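The lines below spell out each chain.
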Amino acid sequence: MKHVFLCGNPALDLACTLRARRTERFETLDAPDRLDAWYLESGLVDAVSPCRDTDLARAVAVREAIYALVTARLAGDGYDGEALALVNEAAREPAAAPQLTAEGRWVEATPAQALSTVARHAVELLSGPDVPLMKECANPECTKVFIDRSRGGRREWCGMESCGNKIKAAAYRARKKEAQVAGTR
């Protein structure tokens, strides 16, 4: 399974690796090699030393803290102190450092460095100019939060393929069914 990166920020993309939080939760980071794959597929690093179970547990804890902070910010609530401390602690660790090679940019990292890079993205996101652009997907079953950079700020879905088409098709079927029922009266 490939990971999905629709949110516009690596911290939000990590937070959304646990899908459908309000219904049938689906965990995409269910093994250390899945976290390795996420780091690589995200483009944050070009190589990462293999994650262990402890790295996975730490990344999931930071992910949940990021999600708690993001949803608190969206709701206009104060931050949970424990979540704030966890993200800040991860961000204080050395981040993955890009290197210039003859072939171009190369980033090799440990799992802790990769996670620190994500945590730093969370700090920058939650303290920066993109806060007003954060939205939760309009699909009631989806819990992804994304940055809406669309013209006019009218994006409703995390992605058309994943949520928008499903909701629009369901609304079309409902309208069509309603028209058929109204036509038989």
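Up top is the structure.
The sections below set out a description of the structure shown in this document.

Parameters and conventions
Every chain is numbered on its own, with residues counted from 1 as its sequence reads. Under the rules for a predicted model, residues below a pLDDT of 70 receive no local features and side-chain atom pairs below 80 are neither given nor counted, while totals for whole chains, interfaces and linings still include all residues. Computation of side-chain values covers all heavy atoms of the structure but excludes hydrogens and water. Strands here mean DSSP runs of E at least two residues long; helices mean DSSP runs of H or I at least four residues long; both are numbered from the N terminus. Note on definitions: a residue-residue contact is assigned when non-hydrogen atoms from the two residues lie within 4.5 Å. DSSP bridges decide pairing: two strands pair if at least two such bridges lie between them. Each pair of aromatic rings taken from Phe, Tyr and Trp, with Trp reduced to its six-membered ring, is defined by centres within 6.5 Å and is described as stacked if the planes are under 30 degrees apart, edge-to-face if over 60, and tilted in the remaining cases. Buried, partly exposed and exposed residues are distinguished by accessible area as a fraction of the type maximum, computed with a 1.4 Å probe on protein chains only: under 20%, between the cut-offs, and over 50%, respectively. Counted as salt bridges are all cases of a side-chain nitrogen of Lys or Arg within 4 Å of a carboxyl oxygen of Asp or Glu.

## Some remarks on the environment of P10
Reasoning step 1: By the secondary structure assignment, P10 is in helix α1 (residues 10–15).
Reasoning step 2: Residues P10 and H121, 111 residues apart in the sequence, show an inter-C-alpha distance of 6.6 Å.
Reasoning step 3: Discounting residues that sit within four places of it in the chain, P10 has contacts with W38, L44, V118 and H121.

## Quick look at the pairing of strand β4 (residues 98–101)
Reasoning step 1: Note that β4 and strand β5 (residues 104–109) share four bridges and pair antiparallel. Bridge pairing links P98 to V107 in β5.
Reasoning step 2: If you look at the hairpin formed by β4 and β5, you'll find two residues sitting between the two strands.

## Points about the packing of aromatic side chains
Within a pair of aromatic rings, the relevant descriptors are the distance that separates the centres and the angle that separates the planes.
Reasoning step 1: Scanning the model with the defined rule gives two aromatic pairs in all.
Reasoning step 2: Aromatic side chains W38 and Y39 sit 5.8 Å apart centroid to centroid with 70° between the ring planes, which places their arrangement in the edge-to-face category. Residues W38 and Y39 agree in their burial class; the two are buried.
Reasoning step 3: Linked through ring pairs, F5, W38 and Y39 together constitute an aromatic cluster.

## Here's the deal with the pairing of β5
Reasoning step 1: With two bridges joining them, strand β3 (residues 47–48) and β5 adopt parallel strand pairing. Residue pairing in the sheet places V48 in a bridge with A109 of β5.

## Considerations on the pattern of salt bridges
Reasoning step 1: Counted by the stated rule, this structure contains seven salt bridges.
Reasoning step 2: For E27, the salt bridge goes to R63, with nearest N and O atoms at 2.7 Å. Separated by 36 residues along the polypeptide, E27 in strand β2 (residues 26–27) and R63 in helix α3 (residues 53–75) bring together distant segments of the chain.
Reasoning step 3: Linking R58 and E89 is a salt bridge whose minimum nitrogen-to-oxygen distance equals 3.2 Å. Taken together, the residues R58 in helix α3 and E89 in helix α4 (residues 81–92) connect sequence positions 31 residues apart.
Reasoning step 4: Judged by its relative accessible area of 38%, E89 is partly exposed.
Reasoning step 5: Connected via shared salt-bridge partners are R21, E27, R63 and E64.

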